[in-house]
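# Geometric and topological summary
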Amino acid sequence: MVRSIALFAGVFALLCGQAALAQDPGGGASPPGPGDPCPAVYPGDKAARKPIAEWMARAAALRDVPEQLPVMAGLAESGLRNLHTRGNPFAGFFSMHKSLDKGDYRGFKKNPELQLDWFLDTAVIVRQRGIAEGDEEYGSTTDGYGLWIADVERPAPQNRKGYQPYFDDADGLLTESCRPSGQVSDVTPPALSVKIKARQRDTISVTARCPREACMVAAQAEPPRRVRAAPAVAADGEAVVLLLPARARRSVRLVVTITAVDEAGNATRRIKHVTLLR
């Protein structure tokens, strides 16, 4: 009986030790399980570049973000290393500024999971805004990944093209898809409810809402010389008001396009006709 208890205690301690190792940023991680080809937890600062790339790719796939995207950014910004230099206001895989060490990302310097959260959260928002404001193909082809990363990292203008050359290196580290088995991409466009008066003066006002999920909404009008576009705003299940300032010397009929984009980059558009009164 004593021997059985001792054996159980030894096994329990071993399992606990493995779990602790999997969560230790400086250690290693348990190998991925069946149906999950890439690490689900950070493999550690001492890990080779391939498992780190796979860890990033898996997280990106779960957000319907291209798997190469965070890897390209990490290669460009840090050589895919969790960098910390005393006195440098930028740190981590993605050269995050110290001003981001708050809110959801507090403690990011010691937590690579938070660094990856920040990159993917920002990449999702940037894609939503780009599509909602009229770039229907934003981020849809591999040759545009570099500029997508630039919109996340916001380097000096002369450095915006510096990320795309890392695509081949990132793709080479990812020899297979890191999307877990059973994980299905979201390809369903968001539901969009729109209210707009058919006759308006001075400013076109649009009320929009995505009733089933968080989205980002924007509006443009044709001809554009008469009306300025309404920039994208987040609509987390609540109605938002989009304002398109107008200028007309005479009454004119406008075509207003309202676009809602969900976090996976799926878009829904509504076309409305409005008479702008002089």
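Figured I'd write up the structure that's included with this text. Just so it is clear, the structure is predicted and the values come from calculations on it, not from any experiment. (Residues numbered from 1 in each chain as written. Predicted model: local features only at pLDDT ≥ 70, side-chain atom pairs only at ≥ 80, totals over all residues. Heavy atoms only, no water.)

### Concerning the pattern of salt bridges
A complete count under the given rule lists five salt bridges for this structure. In this structure, arginine 63 engages aspartate 121 in a salt bridge whose closest nitrogen and oxygen atoms are separated by 2.8 Å. Of the two residues, arginine 63 is situated in the loop between helix H2 (49-62) and helix H3 (68-78) and aspartate 121 in helix H4 (residues 112-132); the sequence distance between them amounts to 58 residues. Exposure remark for arginine 63: the relative accessible area of 26% places this residue in the partly exposed category. (Salt bridge = Lys/Arg side-chain N within 4 Å of Asp/Glu carboxyl O. Helix = DSSP H or I, 4+ residues; strand = E, 2+ residues; numbered from the N terminus. Buried < 20%, exposed > 50% of the residue type's maximum accessible area, 1.4 Å probe, protein only.)

### Some details on unusual backbone geometry
A cis amide bond links glutamate 222 to the next residue, proline 223, at an omega of 0°. With respect to the secondary-structure elements, proline 223 resides in the loop between strand S6 (214-222) and strand S7 (230-236). Unlike most non-glycine residues, aspartate 202 shows phi in positive territory, near 70°. Tracing the backbone shows aspartate 202 in the loop between strand S4 (199-201) and strand S5 (203-209). Judged by its relative accessible area of 52%, aspartate 202 is exposed.

### Thoughts on the side chain of threonine 268
Turning to its location among the elements, threonine 268 is positioned in strand S10 (residues 267-277). Relative accessible area serves as the criterion here: at 8%, threonine 268 is assigned to the buried category. A polar contact is formed between the side chain of threonine 268 and the backbone oxygen of proline 190, at a distance of 2.5 Å. Setting aside its immediate chain neighbours within four residues, threonine 268 contacts Pro189, Pro190, Leu192, Ile258, Thr259 and Ala260. (Polar contact = N/O pair within 3.5 Å; in protein donor to acceptor, adjacent residues only side chain to side chain. Contact = heavy atoms within 4.5 Å.)

### Digging into the sheet that holds strand S8 (residues 240-245)
Read from one edge to the other, the open sheet built from three strands follows the order S3-S5-S8, with strand pairing classed as antiparallel. What marks the edges here is a single partner per strand, and that holds for strand S3 (193-196) and S8. The sheet shows a mean angle of 25° between the axes of neighbouring strands, taken without regard to direction. Judged from the six bridges that link them, S5 and S8 form a sheet pairing that is antiparallel. (Pairing = 2+ DSSP bridges. Axes fitted to C-alpha atoms, helices over the stretch in contact; angles between N-to-C directions.)

### A look at the pairing of S5
Look at any regular strand and the pattern is simple: side chains alternate between the two faces of the sheet. Of the two faces of S5, only the one carrying Ile204, Val206 and Ala208 is buried; Thr203, Ser205, Thr207 and Arg209 on the other face are not. In terms of strand pairing, S3 meets S5 through four bridges, oriented antiparallel. Bridged to valine 194 within S5 is alanine 208.

### Re the packing of H3 against H4
Helix-helix packing is described using two parameters, namely the angle between the two axes and the distance between the axes. At a minimum axis distance of 11 Å, the contact between H3 and H4 shows a crossing angle of 120°. Judged on the interaxial angle alone, H4 and H3 are oblique. With respect to the hand of their crossing, H3 and H4 are arranged in right-handed fashion. Contact residues: Leu69, Pro70 and Ala73 in H3; Leu116, Phe119, Leu120 and Ala123 in H4. (Parallel < 35°, antiparallel > 145°, perpendicular 65-115°, else oblique. Left-handed = near helix turned anticlockwise from the far one by under 90°.)

### Remarks on the sheet that holds strand S9 (residues 252-261)
What the five strands build is an open sheet, ordered S4-S10-S9-S6-S7; its pairing is mixed. Taken across any chain shown, the strands that pair with only one partner, and hence form the sheet edges, are S4 and S7. Between one strand and the next, the sheet's axes are offset by a mean angle of 35°, whatever the strand orientation. On top of the sheet, H4 reaches S6, S7, S9 and S10; it is set at about 25° to S6, its chief contact.

### Observations regarding the packing of aromatic side chains
Summed over the entire model, instances satisfying the criterion amount to nine aromatic pairs. With centroids separated by 6.5 Å and ring planes inclined at 65°, the aromatic side chains of tryptophan 118 and phenylalanine 119 adopt a geometry described as edge-to-face. A relative accessible area of 9% places tryptophan 118 in the buried class. The exposure class assigned to phenylalanine 119 is buried, which follows from its relative accessible area of 0%. Between tyrosine 138 and tryptophan 148 the ring centres are 5.9 Å apart and the planes differ by 65°, which places this aromatic pair in the edge-to-face class. Highlighted residues: tyrosine 138 in the loop between H4 and helix H5 (145-153) and tryptophan 148 in helix H5, separated in sequence by 10 residues. Comparing tyrosine 138 with tryptophan 148 shows no difference in burial state: the two are buried. Site record: aromatic cluster; members linked through ring pairs are Tyr42, Trp55, Phe93, Phe94, Trp118 and Phe119. (Phe/Tyr/Trp six-rings, centres within 6.5 Å; stacked < 30°, edge-to-face > 60°.)

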